[in-house]
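Listed here are the chains, written in short residue letters.
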Amino acid sequence: MLEMANPGTVTRIEVDGESRFKYFFLAFGASIRGFNYMRKVIGIDGTFLKVSYKGVLLVATTQDGNSKCYPIVWGIVDSENDDSWTWFLTRLKKVIGDTDELVFVSDKAQSIRNVVSTVFNNA
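The rules behind the values
Residues numbered from 1 in each chain as written. Predicted model: local features only at pLDDT ≥ 70, side-chain atom pairs only at ≥ 80, totals over all residues. Heavy atoms only, no water. Core = buried A, V, L, I, M, F, W, Y, C linked by side-chain atoms within 4.5 Å. Buried < 20%, exposed > 50% of the residue type's maximum accessible area, 1.4 Å probe, protein only. Helix = DSSP H or I, 4+ residues; strand = E, 2+ residues; numbered from the N terminus. Pairing = 2+ DSSP bridges. Phe/Tyr/Trp six-rings, centres within 6.5 Å; stacked < 30°, edge-to-face > 60°. Lys NZ or Arg CZ within 6 Å of the ring centre and 35° of its normal. Salt bridge = Lys/Arg side-chain N within 4 Å of Asp/Glu carboxyl O.

Caption draft 1: Examining the nonpolar core more closely. Core analysis: the biggest nonpolar cluster contains 30 residues, and I42, I44, V73, F88, L89, L92 and I96 have the highest contact counts within it. For this core, the secondary structure elements donating two or more residues are β2 (21-27), α2 (29-35), β3 (41-48), β4 (56-63), β5 (69-77), α3 (82-96) and α4 (110-119). Tallying contributions element by element places α3 first for this core, with 7 residues.

Caption draft 2: Inspection of the pairing of β4 at higher detail. Across 6 bridges, the pairing between β3 and β4 is antiparallel. Bridge pairing in β4 links G46 to L58. When β4 meets β5, the two strands line up antiparallel, connected through 8 bridges. When the bridges of β5 are listed, Q63 appears paired with C69.

Caption draft 3: Structural view of the packing of aromatic side chains. What the rule picks out here adds up to 6 aromatic pairs. Where W85 meets F88, the ring centres are 5.7 Å apart and the plane angle is 80°; that geometry is what we call edge-to-face. One end of the pair is W85 and the other is F88, both in helix α3 and 3 residues apart, which spans about a single turn. Here the two residues W85 and F88 agree in accessibility, since each one is buried. Three or more aromatic residues joined by ring pairs make a cluster, and in this case those are Y23, F25, W85, W87 and F88. One cation-aromatic arrangement involves K40 over F35; the distance from NZ or CZ to the ring centre is 4.3 Å.

Caption draft 4: Layout of the pattern of salt bridges. Throughout the structure, instances matching the rule amount to 4 salt bridges. Between R12 and E14 there is a salt bridge, with its nearest N and O atoms 3.4 Å apart. Taking relative accessible area as the criterion, E14 reaches 22% and is therefore assigned partly exposed. Here E14 ties to R91 by a salt bridge, and the two come within 3.7 Å at their closest N and O atoms. Here E14, found in strand β1 (residues 10-15), pairs with R91, found in helix α3; they are 77 residues apart in sequence, far enough to count as distant. On the basis of relative accessibility, which here comes to 13%, the residue R91 falls in the buried class. One connected set of salt bridges, linked through shared partners, spans R12, E14 and R91.

So yeah, pure geometry; function would need other evidence.
And the structure:
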């Protein structure tokens, strides 16, 4: 439904072996197309969701020409660990590609440091 209303939008939902939610990924088509004109410095981070379902919201953003925050992709995962960051960043890579122009900025989360250089070989 989302893909039909927003051409070029990429969504993905994954469940575990018992059909329980595990991962969600969303990249709006407009954000994907617009990224081609943005600075190639990407901020990535996660924050805990403090509702009854729990989980972690992951986000990748950049900065537009007016120095404003430009969201690229969002994800919801079960926890912030190497597996969830690998899943999220692999989908990000499918959306924006991998070039030596990319620079990643994040906090000191060990999982992010472990995964970025593995998924984005050229960044």
